[in-house]
Amino acid sequence: MQQILLAINAGSSSIKFQAFATDGDRFDRRVSGLLEGIGSQPRLVIRDGGNTVLATRELDIAAVPSVEAGEAIVGDWLTGAMATDAIGGPIAAIGHRVVHGGPDFSSAVRIDDAVLARITALTHLAPLHQPKNLAPILAWRRRRPDLPQVACFDTAFHRGHGELADRFAIPDELYREGVRRYGFHGISYEFIAEKLQEVAPSIAAGRVIVAHLGNGCSLCALRGGRSIDSTMSFTALDGIPMGTRPGALDPGIVLYLMREKAMDAAAIERFLYHQCGLKGLSGISNDVRVLEASDDRLARLALDHFVYRITKEIGALAAVLGGIDALVFTAGIGENGADIRARIVAGSAWLGLSLDEGANRARRTDLGAGTSGPRVLMIPTDEEWMIARHTRRLLAIA
Ligand code: AMP
């Protein structure tokens, strides 16, 4: 019997969702939605399974000041869609992206009161993301208490890291209370690892670096389809620079901000999550497209630094892997930023990477030039598909 699964991915300023029809082996997208620009220029776009736009609504910023308010709008649309059969039937279950699963959650889990309490207790590890992930979970519990809900964690895919990769050089006591290198974007990396079996089966079992370059950016080292290390760590601040986050920083800078600028924890948190990265360095924008179109010196410097740091970390992960068989680009910048891709590959030529410029501009899957050396691939990520897959597996639907 056909059943409909809903996957919700609530981020810091957007909510993405997709509904899939599942029946036996079939897994068809019925509808996808994106509410973006929450708190700035909110806009809801709904598409059908073939990506044709069904509806676009420009929303008033006052009506959608927060992700919680956005959730209500998405929830109303979905409730209406169910009533009119617009998504192919009633929803059987909902899967959610949850950023932090702490040391305990190493796989997706059905949400009950105890699980909800544990997810909520992890909020201090992801203060800006976890409350946004919780908003749709809580709202659907109120709206439809009968519906099974599943949490899929961004940290879960990395839980198999060895102890060397999982540690900071700090006392063991802190490790035992949870101060570890968790890693994030795991739902995206798991999707890529699965997709590689289809698009490049010969390298899916090999040594692969995946560059998830979106609003948040990180790199992941895969061996045999499993994560062995990643640039993000205890929080989603570490690693390579992002739109508004700095990536790895000398911790002495935090002490400097406290002592010399009298900034408290809340001010430093705002600074590190919202005022650094491409935006902080350029003083112009967090958006790669805007920086690429600018001839401002600092805009160029921000992009140069972004590429430099990514190239440097590719080298570090290649060392961890003992060489690489492929580099995979994914997420907003990784999928669309042809110039950034070309520059990263050029900076990694010492690893044997090379790019076919025509394939790169045409956004093909296979971007590599020549037949020898590691492959260079571009694979669009689909976190909602992965969430729906986990939800189906966990609840043994279809
Ligand atoms: P995501 O978080 O995966 O949705 O990625 C969002 C980011 O993708 C934005 O901040 C943009 O910087 C980036 N992006 C989107 N389109 C392009 C493009 N054509 N070229 C470069 N970057 C892009």
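Everything that follows concerns the structure shown earlier in this document.
Notes on the structure follow. (Residues numbered from 1 in each chain as written. Predicted model: local features only at pLDDT ≥ 70, side-chain atom pairs only at ≥ 80, totals over all residues. Heavy atoms only, no water.)

### Things to note about the overall build of the chain
Here is step 1: When helices and strands are counted, the chain shows 16 helices and 13 strands.
Here is step 2: Relative to the compact-globule value of 21 Å for 398 residues, the chain shows a C-alpha radius of gyration of 21 Å, a close match.
Here is step 3: Along the three orthogonal principal directions, the C-alpha set of the chain runs to about 55 × 55 × 45 Å.
Here is step 4: For the chain, with 398 residues in total, the buried portion stands at 53%.
Here is step 5: Partitioning the contacts of the chain with sequence separation of at least 6, the portion at a separation of at least 24 is 61%. (Helix = DSSP H or I, 4+ residues; strand = E, 2+ residues; numbered from the N terminus. Rg over C-alpha atoms; globule rule 2.2 N^0.38 Å. Buried < 20%, exposed > 50% of the residue type's maximum accessible area, 1.4 Å probe, protein only. Contact = heavy atoms within 4.5 Å.)

### Some words on the environment of R57
Here is step 1: Looking at the element boundaries, R57 is found in strand β5 (residues 53–58).
Here is step 2: In sequence terms R57 and C276 are 219 residues apart; their C-alpha atoms lie 31 Å from each other.
Here is step 3: Contacts of R57, omitting those with residues within four sequence positions, involve P42, R43, L44 and I73.

### Points about unusual backbone geometry
The bulk of non-glycine residues show a negative phi, and the bulk of peptide bonds are trans.
Here is step 1: Within the chain, H185 stands out as a residue other than glycine whose phi angle is a positive 60°.
Here is step 2: Summarising the element assignment, H185 is placed in the loop between α5 (172–176) and α6 (186–199).
Here is step 3: With a phi angle near 75°, A331 is a residue other than glycine that sits in the positive phi range.
Here is step 4: Tracing the chain through its elements places A331 in helix α13 (residues 331–336).
Here is step 5: Given a relative accessible area of 5%, A331 falls into the buried group.

### Here we look at the side chain of R245
Here is step 1: Within the secondary structure, R245 sits in the loop between β11 (226–230) and α8 (251–261).
Here is step 2: For the buried R245, no salt bridge exists, and the shortest N-O distance to an oppositely charged side chain is 9.1 Å, to D154.
Here is step 3: At 2.8 Å, the side chain of R245 forms a polar contact with the backbone oxygen of A236. (Lys, Arg positive; Asp, Glu negative; His and termini not counted. Salt bridge = Lys/Arg side-chain N within 4 Å of Asp/Glu carboxyl O. Polar contact = N/O pair within 3.5 Å; in protein donor to acceptor, adjacent residues only side chain to side chain.)

### So, the pattern of salt bridges
Here is step 1: As enumerated under the stated definition, the model contains 22 salt bridges in all.
Here is step 2: A salt bridge links D146 to R144; the nearest nitrogen and oxygen atoms lie 2.8 Å apart.
Here is step 3: D172 is the partner of R176 in a salt bridge, and the nearest nitrogen-oxygen pair spans 2.8 Å. Here R176 and its partner D172 are both found in helix α5, four residues apart, which amounts to about one turn of the helix.
Here is step 4: Among the residues examined, D172 registers a relative accessible area of 33% and is labelled partly exposed.

### Remarks on the sheet that holds strand β4 (residues 43–48)
Here is step 1: Pairing in this open sheet of eight strands is mixed, and the strands run β5-β4-β3-β2-β1-β6-β8-β7 from one edge to the other. Looking at which strands have only one partner, the edges of the open sheet turn out to be β5 and β7 (109–110).
Here is step 2: Two strands pair when backbone bridges link them, and strand β2 (residues 15–23) and strand β3 (residues 26–36) are joined in this way by nine bridges, in the antiparallel orientation. Residue pairing across strands places D23 opposite R26, the latter belonging to β3.
Here is step 3: Packing of helix α3 (residues 130–143) onto the sheet brings it into contact with β1 (3–10), β6 (91–98) and β8 (149–153), and relative to β6 it is tilted by some 165°. (Pairing = 2+ DSSP bridges. Axes fitted to C-alpha atoms, helices over the stretch in contact; angles between N-to-C directions.)

### A few points about the packing of aromatic side chains
Here is step 1: In the structure shown here, the tally under the stated rule is six aromatic pairs.
Here is step 2: Ring centres of F17 and W77 lie 6.0 Å apart, and the angle between their planes is 40°; on these two criteria the pair is classed as tilted. Here the residue F17 occupies a position in strand β2, and W77 occupies one in helix α1 (residues 67–83), the gap between them amounting to 60 residues.
Here is step 3: A residue is classified by how much of its surface remains accessible, and F17, at 1% relative accessible area, is buried.
Here is step 4: Classification of W77 by relative accessible area gives partly exposed; the value is 21%.
Here is step 5: Look at F27 and W385: their rings are 5.7 Å apart centre to centre, the planes differ by 75°, and that puts the pair in the edge-to-face class. (Phe/Tyr/Trp six-rings, centres within 6.5 Å; stacked < 30°, edge-to-face > 60°.)

### A short note on the sheet that holds β11
Here is step 1: Strand order in this open sheet of five strands is β11-β10-β9-β12-β13, and the pairing throughout is mixed. Each end of this open sheet is capped by a strand with a single partner; those strands are β11 and β13 (375–378). Across the sheet, the mean angle from the axis of one strand to that of its neighbour is 25°, orientation sign disregarded.
Here is step 2: Relative to β11, strand β10 (residues 217–223) runs antiparallel, the two being bridged by four bridges. Opposite R223, over in β11, you have R226 as the bridge partner.
Here is step 3: Helix α14 (residues 338–347) contacts β9 (207–213), β12 (326–330) and β13 of the sheet and is inclined by roughly 160° relative to β12.

### Comments concerning the packing of helix α2 (residues 113–121) against α3
In a packed pair of helices, the relevant descriptors are the angle between the two axes and the axis-to-axis distance.
Here is step 1: Put simply, α2 and α3 touch, their axes get as near as 11 Å, and they point 155° apart. Here α2 is positioned roughly antiparallel relative to α3, judged by the angle of their axes. In this structure, α2 crosses over α3, and the sense of that crossing is left-handed. Contacts between α2 and α3 pair D113, L116, I119 and T120 from the former with Q130, L134, I137, L138 and R141 from the latter.
Here is step 2: Broken down by class, the residue content of the contact of α2 with α3 amounts to five nonpolar, two polar and two charged. (Parallel < 35°, antiparallel > 145°, perpendicular 65-115°, else oblique. Left-handed = near helix turned anticlockwise from the far one by under 90°. Nonpolar A, V, L, I, M, F, W, Y, C, P; charged D, E, K, R; others polar.)

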